[in-house]
Amino acid sequence: SNVIISGNSLKGNAAAGWPFSEGIYLKGVQNVVETGNYITGTPKIENHSATNVYLDSRQSVPVTVTNNIYVILPQDEDIIANRAGTITLTIPPAATYPGRTLNIKTIQAQTVVSGASDVYPINTDVLGTAILAAVDGAWVQLRSNGTGWITMQKG
């Protein structure tokens with residue numbers, strides 16, 4: 001099962017049977033992405049037979065892409081495109097990460113595209129591959145609606 005935990009404050013969540021009073025307990029889950037949460041007190045994460053679990057991804061360092069193809073990882077949130085040529089991004093399936101946000105910017109005047117027709121441009125609801133035009137300093141914020149990646153902001 002896929003789980004997204006986003007924008008929560010976890011404090012003193014003592015529950016019967018839990019081995020600790022503050023933290024996150026994961027058992028037999030997969031594809032978990034935690035973003036924008038904070039835990040007060042003494043944080044603890046219990047992970048029992050869970051796979052593809054990425055916690056505190058908001059604290060991850062931006063990824064600089066210099067190859068022509070990059071597969072966005074579950075923990076990636078901020079992508080910097082730095083290539084003298086088009087970069088094709090393989091974006092995770094929107095259905096797997098509803099509500100997830102990706103921030104992408106260029107530092108060279110080159111295009112950034114998706115490897116699949118899974119991006120909604122800012123001015124239409126028709127899926128396409130275009131993400132960023134060949135403009136130095138262009139940026140975009142994409143958000144998954146469970147079907148595709150919506151262009152929420154760009155500059």
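For the structure itself, consult the block above.
Q: Which parts of the structure should I look at to understand the environment of Ser114?
A: Checked against the element boundaries, Ser114 lands in strand β13 (residues 112–114). Residue Ser114 is classed as buried on the basis of its relative accessible area of 4%. Taking the C-alpha atoms as reference, Ser114 lies 8.4 Å from Ile87; in sequence the two are 27 residues apart. Not counting chain neighbours up to four residues away, the residues in contact with Ser114 comprise Thr88, Leu89, Ile91, Val119, Thr129 and Ile131. Here the side chain of Ser114 touches Ala116 through a polar contact of 2.9 Å, landing on its backbone oxygen.

Q: Would you take a moment to explain the sheet that holds strand β11 (residues 87–90) for this structure?
A: The strands making up a sheet are joined through hydrogen bonds of the backbone, oriented either antiparallel or parallel. The strand order across the open sheet formed by 4 strands is β9-β11-β13-β15, and the pairing between neighbours is mixed. Two strands in the sheet have a free side with no partner beyond their single neighbour: β9 (69–71) and β15 (130–132). The mean inter-strand angle of the sheet, taken between neighbouring strand axes irrespective of direction, is 30°. Here 2 bridges tie β13 to β15, and the two strands are oriented antiparallel to one another. Counted as the bridge partner of Val112 is Leu132 from β15.

Q: Could you clarify how one ought to interpret the nonpolar core in this entry?
A: In terms of nonpolar packing, the biggest core is built from 20 residues, with Ile79, Leu89, Ile91, Ile104, Ile131 and Leu142 touching the most fellow members. Each residue touching Ile91, except ones within four places of it in the same chain, is listed here: Ile72, Leu102, Ser114, Asp118, Val119, Ile131, Leu142 and Trp149.

Q: Any chance you could explain the packing of aromatic side chains here in plain terms?
A: Each aromatic ring pair is specified by the distance between its two centres and by the angle formed by the two planes. Per the counting criterion, the structure on display carries 0 aromatic pairs. Sitting above the plane of the Tyr97 ring, Arg100 keeps its charged end 5.0 Å from the centroid.

Q: I would appreciate a short explanation of the sheet that holds strand β17 (residues 149–154) in the present structure.
A: Sheet architecture is open: 6 strands sit in the order β8-β10-β12-β16-β17-β14, paired in mixed fashion. Only two strands of the sheet have a single partner each, and these edge strands are β8 (63–65) and β14 (119–120). One ladder, built from 5 bridges, connects strand β16 (residues 139–144) with β17; its direction is antiparallel. Residue pairing for β17: Arg143 is matched across the bridge by Ile150.

Reading guide: rules and limits
Residues numbered from 1 in each chain as written. Predicted model: local features only at pLDDT ≥ 70, side-chain atom pairs only at ≥ 80, totals over all residues. Heavy atoms only, no water. Helix = DSSP H or I, 4+ residues; strand = E, 2+ residues; numbered from the N terminus. Buried < 20%, exposed > 50% of the residue type's maximum accessible area, 1.4 Å probe, protein only. Contact = heavy atoms within 4.5 Å. Polar contact = N/O pair within 3.5 Å; in protein donor to acceptor, adjacent residues only side chain to side chain. Pairing = 2+ DSSP bridges. Axes fitted to C-alpha atoms, helices over the stretch in contact; angles between N-to-C directions. Core = buried A, V, L, I, M, F, W, Y, C linked by side-chain atoms within 4.5 Å. Phe/Tyr/Trp six-rings, centres within 6.5 Å; stacked < 30°, edge-to-face > 60°. Lys NZ or Arg CZ within 6 Å of the ring centre and 35° of its normal.

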